[in-house]
Amino acid sequence: MESFSLILAMVVITALAFDFTNGFHDTANAMATTISTGALKPKVAVAMSAALNLVGAFLSVEVANTISKGLVDESGIRPEVIFAALVGAILWNLLTWLVGLPSSSSHALMGGLIGATIASAGFSAVHGGVLLTKVLIPAVAAPVVAGLAALVATRLSYGIGSKSRSHGRAAEKGHRAGQIASAGLVSLAHGTNDAQKTMGVITLALVTGGALAPGSNPPTWVILSAGLAIALGTYIGGWRIIRTMGKGLTDLQPQQGFAAQTSAATAILASSHLGFSLSTTHVVSGSVMGAGLGRKGGVVRWSTATRMAVAWALTLPAAALVGAGAEAVTRLGAWGTCLVAVFLVASSAAIWKISRREVVDHTNVNNTGTDAETEEPAGVVTQAIAAVIPPPASPVTDALTATIPAQPSAPATDPASVAPPPAAAV
């Protein structure tokens, strides 16, 4: 019984550690555009996001139930399996954070869980129907739907703003205020979706360990601890990913930031209500790209977008492989489980030490550096979309153009007005 209690405690602690990494890994989803456009100062933004993540954790348990009751067979796994799954998810989160790529913490968790479960109980222990309908299909559809919604919203925002050019600065302030409100909504939605995944994992561990009856909802202490862990991680701030999302993917104006955040929040809240274990990273990334394409002259840096897409495609299988390997080691007994724990701590420490070679924090998060990627020209997709009913220019830009006189150009030389040189005397 002591051994069981120890492993269950290890699972709970490791799950909360994953929740913490989820928080700082996904801070960019809510606040990257708000920080990049200057609507909020970096530290204020992450503090606001942390508070709303905590509130959001108490709003629903539908996604938690998808993880704890639907994805895998509760009777076919042991607490060690869940521990191995969390190891795979945490390491993938830390690796993608190190390189500044906004990958999905949700898919890392589910990939680790699927891999460890298959290694322990076989393919039959994974519910393929739930995996397809509530994980894989939303993963593909979410960024596309959010991106199209943000593109349309951006065009509407510029179109409506162009009709009141004399109030350009007031409209700009209004968009900034709207962006702050929509960013808060994304943070709230992130709490209702991502914090619940950790609740679901802890609940699943308690059920497999016999501490809860099968089919139980997350206890209150699980909800509170998961909410606090993700809020603390959010406050720490994943500045590397905030830089990529806010500046490395595209350059956003307040109108675009407002459209992107509103579209993302709507998609995330709807998915939480339906119990879809949606990746907030996929949704926000898609909405940021859609907003970038929605402004005339906007450029999406497709090299960055391609690296993100590759990371998304690798998340499930990579976390699954690590989870399966960790599960195989835990089957060796208590010393095997301790070996996996030591490996997790050592790997995490090594990643953190490497990250100190180039520190990114709130003081330099908006610096894009001199990387050639920031100078990437508009690609074929950007040019094609911008050519279809391009939106009017920003009202602020129009107002500045009207008030700043054009610089005089050098007078043209008129051949007729230039007197010919006197003829040479003969």
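Because the structure is predicted, anything quoted here is derived from the model rather than measured.

Calculation criteria
- Residues numbered from 1 in each chain as written.
- Predicted model: local features only at pLDDT ≥ 70, side-chain atom pairs only at ≥ 80, totals over all residues.
- Heavy atoms only, no water.
- Helix = DSSP H or I, 4+ residues; strand = E, 2+ residues; numbered from the N terminus.
- Buried < 20%, exposed > 50% of the residue type's maximum accessible area, 1.4 Å probe, protein only.
- Contact = heavy atoms within 4.5 Å.
- Areas by Shrake-Rupley, 256 points an atom, 1.4 Å probe, with all protein chains shown as cover.
- Salt bridge = Lys/Arg side-chain N within 4 Å of Asp/Glu carboxyl O.
- Expected span 1.5 Å × (residues − 1).
- Phe/Tyr/Trp six-rings, centres within 6.5 Å; stacked < 30°, edge-to-face > 60°.
- Arc of directions from axis to C-beta.
- Axes fitted to C-alpha atoms, helices over the stretch in contact; angles between N-to-C directions.
- Parallel < 35°, antiparallel > 145°, perpendicular 65-115°, else oblique.
- Nonpolar A, V, L, I, M, F, W, Y, C, P; charged D, E, K, R; others polar.
- Core = buried A, V, L, I, M, F, W, Y, C linked by side-chain atoms within 4.5 Å.
- Patch = residues over 30% accessible without salt bridge, like charges linked within 9 Å, V, L, I, M, F, W, Y side chains within 5 Å.
- pLDDT = per-residue confidence, 0-100.

Caption draft 1: The overall build of the protein, seen in detail. Check the secondary structure of the protein and you find 15 helices and 0 strands. Residues counted as buried form 54% of the 426 residues belonging to the protein. A sequence separation of at least 24 residues applies to 89% of the contacts in the protein between residues at least 6 apart. Looking at the protein as shown, the accessible area adds up to about 18,100 Å², and 70% of this sits on carbon and sulfur atoms.

Caption draft 2: Quick peek at the side chain of Ser187. Here Ser187 is to be found in helix 7 (residues 168-208). On the accessibility criterion, Ser187 (0% relative accessible area) is buried. If we ignore the near neighbours within four places in the chain, the residues touching Ser187 are Ala30, Met31, Ser49, Leu52 and Asn53.

Caption draft 3: Inspection of the pattern of salt bridges at higher detail. Under the defined criterion, the tally for this structure stands at 3 salt bridges. In this structure, the salt-bridge partner of Glu327 is Arg78, at a minimum N-O distance of 2.8 Å. Placement of Glu327 in helix 12 (residues 302-330) and of Arg78 in the loop between helix 3 (62-70) and helix 4 (79-98) is noted, with a sequence separation of 249 residues between them. Glu327 is the partner of Arg331 in a salt bridge, and the nearest nitrogen-oxygen pair spans 3.0 Å. Because the salt bridges share partners, they merge into one network encompassing Arg78, Glu80, Glu327 and Arg331.

Caption draft 4: Inspection of helix 4 at higher detail. For helix 4, which comprises 20 residues, the first-to-last C-alpha distance of 29 Å matches the rise-based estimate of 28 Å (1.5 Å per residue) to within 8%. Burial analysis of helix 4 places 19 of its 20 residues in the buried class, which makes it a mostly covered element. Positive backbone phi, approximately 75°, marks Gly100, located one or two places after helix 4.

Caption draft 5: Layout of the packing of aromatic side chains. All chains considered together, the criterion is met by 2 aromatic pairs. Arranged with centres 5.7 Å apart and planes meeting at 70°, the rings of Phe20 and Phe24 form a pair that is edge-to-face. In this pair, Phe20 and Phe24 both sit in helix 1 (residues 2-36), 4 residues apart, roughly one turn of the helix. Phe20 gets classed as partly exposed once you look at its relative accessible area, which sits at 27%.

Caption draft 6: Seen up close, helix 2 (residues 42-56). Relative to the 21 Å expected for 15 residues at 1.5 Å per residue, helix 2 spans 21 Å between its end C-alpha atoms, a close match to the ideal helical length. For helix 2, the complete set of buried residues consists of Pro42, Ala45, Val46, Ser49, Ala50, Asn53 and Gly56. Down the axis, helix 2 shows its buried residues gathered within 135° of arc, on one side only.

Caption draft 7: Quick peek at the packing of helix 4 against helix 13 (residues 334-355). Helix 13 packs onto helix 4 with a crossing angle of 10° between their chain directions and a minimal axis gap of 10 Å. Of the possible angle classes, the one that applies to helix 4 and helix 13 is roughly parallel. Facing Glu80, Phe83, Val87, Ile90, Leu91, Leu94, Leu95, Trp97 and Leu98 of helix 4, the residues of helix 13 in contact are Thr337, Val340, Ala341, Phe343, Leu344, Ser347, Ser348, Ile351, Ile354 and Ser355. Of the residues contributing to the contact of helix 4 with helix 13, the split by class is 14 nonpolar, 4 polar and 1 charged.

Caption draft 8: How the structure looks around the environment of Ser271. Position of Ser271 among the secondary structure elements: in helix 10 (residues 254-274). Separated by 79 residues in the primary sequence, Ser271 and Thr192 have C-alpha atoms spaced 9.9 Å apart.

Caption draft 9: Seen up close, the packing of helix 12 against helix 13. Viewed as axis vectors pointing N to C, helix 12 and helix 13 meet at an angle of 145°, and their least axial separation amounts to 7 Å. For the pair helix 12 and helix 13, the contacting residues are Ala326, Val329 and Thr330 in the first and Gly336, Thr337, Leu339 and Val340 in the second. Of the residues belonging to the contact of helix 12 with helix 13, the class tally is 4 nonpolar, 3 polar and no charged.

Caption draft 10: Just the nonpolar core, in detail. Residues Ile82 and Leu86 are the most contacted members of the largest nonpolar core, which totals 90 residues. Sequence-distant contacts of Ile82, defined by excluding residues within four places in its chain, comprise Val11, Ile77, Val201, Leu204, Ala205 and Thr208.

Caption draft 11: Focus on a nonpolar patch on the surface. Residues Phe58, Leu224 and Leu228 make up a contiguous nonpolar surface patch of about 270 Å² in total accessible area. Note on placement: Leu228 falls in helix 8 (residues 220-236). For Leu228, a relative accessible area of 46% gives the class partly exposed.

Caption draft 12: Local environment of the confidence of the model for the protein. When pLDDT is averaged along the protein, the result is 77, and 77% of the positions lie at 70 or above. Mean pLDDT across the elements of the protein bottoms out in helix 15 (residues 395-403) (42) and peaks in helix 13 (93). For the stretch residues 369-407, pLDDT sits under 50, and the model shows 55 contacts to residues farther than four places along the chain or on other chains. Of the regions scoring below 50 in pLDDT, residues 409-419 engages in 1 contact with residues more than four places distant in sequence or in other chains.

Caption draft 13: Main features of the side chain of Thr34. Within the secondary structure layout, Thr34 lies in helix 1. With relative accessibility at 0%, the residue Thr34 sits in the buried group. Apart from the residues lying within four places of it in its own chain, the contact partners of Thr34 are Ala39, Leu40, Gln179, Ile180, Ala183 and Gln261.

Caption draft 14: Seen up close, the environment of Phe24. Accessibility expressed as a relative area gives 9% for Phe24, which makes it buried. A sequence separation of 207 residues divides Phe24 from Ala231, and the C-alpha atoms of the two residues are 8.7 Å apart. Among all residues touching Phe24, those that are not within four sequence positions of it are Leu94, Trp97, Gly233, Thr234, Gly237 and Gly238.

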